[in-house]
Structure formats: structure tokens, C-alpha cells
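The primary structure of each chain is shown beneath.
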Amino acid sequence: MQAANPILQAGTYARPLDNSFRKAQWRMLLAAMFCYFFFYTGRQTFGFAIPGIQKEFGLSKEMLGWASTSLLWCYAVGQAINGNLGDKFGGRRVMTAGAILSCAANWVVSFAVGFKSLAIPWGINGYFQALGWAPGSRLLSNWWGAGERGKVYGFYVFAAGCASVLSFVTSIIVVNVLHLDWRWIFRLPVLLMLVGGIAFYLIARERPEDLGFKSPDTGVANNNPQEAEKAGVADGEPQESSWSRYKAVLSNPKLMIAALAIGFQNAARYGLIVWVPVHFLGKDWAKAADGMIDPAWISVALPVGMAFGALTNGWISDKVFGSKRYKAIVLYMLLGAIASMGMYLLPTSILGLGLLFLAGFFVYGPASSFWALCPDLVGAKRAGTATGVMNFFSYLLAGLGEPLIGRMLDHSGSTSVVFPIVAASCLISAFIALFIRR
């Protein structure tokens, strides 16, 4: 039998190791952020490919909405499965596998010759993309205590917001700078995701014990010995069965309310991500921006706003609202609705640049508080499963919205219709979030 680690046996850190553990915590957070910074190059580039796909295949916006839904629904199913896999096998391996497999799937999509050969591999790619977020969240919940969770998830979601910026910028470079066709949108940017996944595997470690440290206070199960024993996670060993994790998560009413609220928040988010590029590449904005700036670059204000919104909302939920995360969620959703309606009322005004930034800021910002709720409500040992289940509902509703928006754009002939739909989704999310009150 191996000798007990003196650090673990003592139950506290020796003073010289405090700083070392802190550095290790930040290294794991930065590794997860670095990896996820490239993930959206594998799924948020679709809007920039829509004009080229429409021209080549003659598909309606509603049909392309269903192609987008194939990814979102497969992503939803993948989240429900892969969050649990992250709890079972570890976030490090699962997240790396997602980056590699999604890169390969994007290349398959680039050889599409029609709707089926586009939508089917795009859906499979959605499942592979689902190997990233929840397993990465699981790894972070191992390393960071409950008191800093809003901040940590704020940084993690900030990386996701920056990933949206990267996916927009790389897509614009492919189409407007390199003047390549839509197929290269699915070939070049995803190579960055491959690099990020490999780097994450080499840098990250699953839990503090892997480097000789003691785990911090990470959640509900750790704080309640009776619950830990009942769950089969006593003595810090993850012995709980997959079925038990799912049962515990699905029977948590607050988590289910949060899952419904984030569903409408994500429907608003993807309404912006998929259709804003189409809006800004349209004839109305092309005329309004004549002589000022390429309208494609104006669309980048959206993901930039998303990135900073996510960074601030998690901090606000910790510092301003005392970890009462529903308050930060409701506040941002209401402001997101106002900004979105502003975009509708000023569809071709230069003020739209600022409003687009604010729409992204407030619509995506609450994501950091939503994800922090998962370990808050069910503990770190079930964080991956909870994140996956919540993301399942999140993308289920987002997928329902895509063909609906596409159909309305086809019938109205105006891409600005997307903004009141987004505003309505924000208001519904804010109302539901009121019932998350802890």
C-alpha cells in the first residue's frame, strides 16, 4: 500500500503550498479557457456560410434553419450524455476527444452536395461539439470552491464569448479577405480547435490530487456527509452510478426551472448568432454602410458584447447579489430585450453598432450565472451531469427557434424580424428565472 500523501493527510495546505495551489488553479482555468476559445470555430460559423449555400443549393432560409437545428438538437442530446461521461471518465479526456472529432466532422460537412449531406454530418458534429462544455465545467468544479464559482464560470463563459468573436472573424477572413467559397469556412478555422484540444490535454489535470494537492470545498455533496455517503461519494471517491446522478439531477426542481429559463436565453442567443450575419450581409445594411465599413465586420460587435457580458454577469452574481444568481439573470435578460428591440427599431442606423454590442452583452451574459447554478444546486460530484442536462434543454429550445425564425424571414422578406423574436425569448427567460430563487 502506498504511503498517504502528507498534504492530504493533514487536511490543510502547508503555508508554502498555498501559492503553488493557487497557480495550479489558474493554470487549469486558463487551459480550459484556451481550449474552449477555439471550440466555436466548429459550430458558430454556419451563418456566414448560409448565403453561399443558398446560392449553390437553392435552399430556403427555413430549410437552412432545419440544418442548423440538426446541430443544436444533436448537441442537446450529446450534452445529456456527455456531461455524465465527464463525471465518469474525466473532463480532460472527453473535452480533447470532442475537439478532434468535431474538426473531422466539419471537414466532412465541407464536401456536402445537398441538404442531406449538409444536415446529417452537421448534426453529428453537434454531438461531438457536446463533448466540450460540460466535461470542461466538470474539471473546473474539481479545482475551484463554491465561493469563487461565479467568477470562474464568468471567465470560462468569457472564453466562450471570445470564441464567438474568433468564429465570426475567421469566417469573415475566409469569405471577404481570402475570397474563398463557403466550404472553406468549415475547413480552415477548425484547425485552431484541433490545436486547442491537444494543448488542453497536455496542460490540464483532472483534479488537485493528481498534482498532490487537497481538493477545496467544491459543493453540496462535500458539505453534507450524510448526502455524500448516500450518493456513494464518501471519502472523496466518485463511486456514484450514472443512473443515480441522473436521478438526483432530474429530481432537483430548481435545476429544472433553470434549465427551462436557459432554454429561452439560448434561443435568443442563437437567434442572434445564426441570423445576424445574414442580416448584416443583406442589401439594407450594405447600402447603409456604404463608404463607412464592411457590414460583415459590423456583425463582430455581437460576439464582442457577448464575451464581456459573460465576464461581468458571473462577477455581479457573486459580488453584488451575494451568489443569488437569479437576480443577475433577470436583470440582464430584461436589458437584452430592450437592446434587441432597439435593433429592430433602428435596423440600418449606425446606432445599431452600439445596440448590437449591448444585445450580445445582455443576452449572453447570464450564461455564466446559469452554469454556476449547476454545482451550486447539486454539488461538484454531479456538476458534469447537471451541466449536461441543463444544456440539453438549452439547445432543445434553441433548435426549435431556428426553423421558426427562418420561416418568418422567408415570409416577411426582412431579416430585422429576428430582433423582436429575440426580445420575446429574453422576456420569457427573465420571467421563468424569477422562480429559481434560492
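All figures in this text were calculated on a predicted structure; none of them were measured in a lab.

Caption draft 1: Local environment of helix α9 (residues 190-203). In this model α9 runs 20 Å from its N-terminal to its C-terminal C-alpha over 14 residues, within 8% of the 20 Å that 1.5 Å per residue would give. Residues of α9 that are buried: Val-190, Met-193, Gly-196, Gly-197, Ala-199 and Phe-200. The buried side chains of α9 occupy one side of the element, clustering within an arc of 170° when seen end-on.

Caption draft 2: Expanded view of a nonpolar patch on the surface. On the surface, a nonpolar cluster with roughly 460 Å² of combined accessible area is contributed by Ile-173, Val-177, Leu-178, Trp-184, Leu-188 and Leu-191. Mapped onto the secondary structure, Leu-178 falls in the loop between α8 (149-177) and α9. For Leu-178, a relative accessible area of 46% puts it in the partly exposed group.

Caption draft 3: Seen up close, the packing of helix α5 (residues 91-109) against α9. In the contact formed by α5 and α9, the axes pass within 9 Å of each other and the chain directions differ by 165°. Comparing the axis directions of α5 and α9 gives the class roughly antiparallel. Here α5 runs over α9; the crossing is left-handed. Together, Gly-91, Arg-92, Arg-93, Met-95, Thr-96, Ala-99, Ile-100, Ser-102, Cys-103, Asn-106 and Trp-107 of α5 and Val-190, Leu-191, Met-193, Leu-194, Gly-197, Phe-200 and Tyr-201 of α9 make up the contact between the two elements. Looking at the contact of α5 with α9, its residues break down into 11 nonpolar, five polar and two charged.

Caption draft 4: Representation of the packing of aromatic side chains. All chains considered together, the criterion is met by 28 aromatic pairs. Relative to Trp-122, the ring of Phe-46 lies with its centre 5.5 Å away and its plane at 25°, an arrangement referred to as stacked. Residue Phe-46 is located in helix α3 (residues 46-57), and its partner Trp-122 is located in helix α6 (residues 115-129); the two are separated by 76 residues in the primary sequence. For the pair Phe-46 and Trp-122, one class covers both residues: buried. For the ring pair Phe-361 and Phe-362, a centre distance of 5.0 Å and an interplane angle of 80° mean the geometry is edge-to-face. Take Phe-361 and Phe-362: they sit in the same class, and that class is buried.

Caption draft 5: Spatial organisation of the side chain of Arg-187. Inspection of the secondary structure puts Arg-187 in the loop between α8 and α9. In this structure, Arg-187 is buried with no salt-bridge partner, the nearest side chain bearing the opposite charge being Asp-181 at 5.7 Å. When near neighbours in sequence (up to four residues on either side) are disregarded, Arg-187 contacts Trp-107, Ser-110 and Phe-111.

Caption draft 6: Structural detail: the confidence of the model for the chain. When pLDDT is averaged along the chain, the result is 82, and 85% of the positions lie at 70 or above. When pLDDT is averaged over each element of the chain, α9 comes out on top at 96 and helix α1 (residues 6-10) at the bottom at 39. Scored below 50 in pLDDT, residues 1-17 shows 20 contacts in the model against residues more than four places distant or in partner chains.

Caption draft 7: The pattern of salt bridges, seen in detail. Enumeration according to the criterion identifies four salt bridges in this entry. The salt bridge partner of Arg-183 is Glu-56, with a shortest N-O separation of 2.6 Å. On the criterion of sequence distance, the pair formed by Arg-183 in the loop between α8 and α9 and Glu-56 in helix α3 is long-range, its members being 127 residues apart. Using a relative accessible area of 15% as the deciding quantity, one classes Arg-183 as buried. Linking Asp-376 and Arg-325 is a salt bridge whose minimum nitrogen-to-oxygen distance equals 2.5 Å. Taken together, the positions of Asp-376 in helix α19 (residues 367-378) and Arg-325 in helix α17 (residues 325-345) put the pair 51 residues apart, joining distant regions of the chain. Accessibility classification places Asp-376 together with Arg-325 in one group, the buried group. Ionic contacts of the salt-bridge type, sharing partners, join the residues Asp-318, Arg-325 and Asp-376 into one network.

Caption draft 8: Just the packing of helix α12 (residues 242-250) against helix α20 (residues 383-412), in detail. With their axes 9 Å apart at the nearest point, α12 and α20 run at an angle of 55° to one another. With respect to each other, α12 and α20 are oriented oblique. Relative to α20, the crossing made by α12 is right-handed. Contacts between α12 and α20 involve Arg-245, Tyr-246, Val-249 and Leu-250 on the former and, on the latter, Thr-385, Ala-386 and Val-389. Its residues assigned to classes, the contact of α12 with α20 comprises five nonpolar, one polar and one charged.

Caption draft 9: Spatial organisation of the environment of Asn-266. Inspection of the secondary structure puts Asn-266 in helix α13 (residues 253-280). Asn-266 gets classed as buried once you look at its relative accessible area, which sits at 2%. Here the alpha-carbon distance between Asn-266 and Gly-401, two residues 135 residues apart in the chain, equals 9.6 Å. Here Arg-269 takes part through its side chain, which lies 3.1 Å from a polar atom of the side chain of Asn-266.

How each quantity is defined
Residues numbered from 1 in each chain as written. Predicted model: local features only at pLDDT ≥ 70, side-chain atom pairs only at ≥ 80, totals over all residues. Heavy atoms only, no water. Helix = DSSP H or I, 4+ residues; strand = E, 2+ residues; numbered from the N terminus. Expected span 1.5 Å × (residues − 1). Buried < 20%, exposed > 50% of the residue type's maximum accessible area, 1.4 Å probe, protein only. Arc of directions from axis to C-beta. Patch = residues over 30% accessible without salt bridge, like charges linked within 9 Å, V, L, I, M, F, W, Y side chains within 5 Å. Areas by Shrake-Rupley, 256 points an atom, 1.4 Å probe, with all protein chains shown as cover. Salt bridge = Lys/Arg side-chain N within 4 Å of Asp/Glu carboxyl O. Axes fitted to C-alpha atoms, helices over the stretch in contact; angles between N-to-C directions. Parallel < 35°, antiparallel > 145°, perpendicular 65-115°, else oblique. Left-handed = near helix turned anticlockwise from the far one by under 90°. Contact = heavy atoms within 4.5 Å. Nonpolar A, V, L, I, M, F, W, Y, C, P; charged D, E, K, R; others polar. Phe/Tyr/Trp six-rings, centres within 6.5 Å; stacked < 30°, edge-to-face > 60°. Lys, Arg positive; Asp, Glu negative; His and termini not counted. pLDDT = per-residue confidence, 0-100. Polar contact = N/O pair within 3.5 Å; in protein donor to acceptor, adjacent residues only side chain to side chain.

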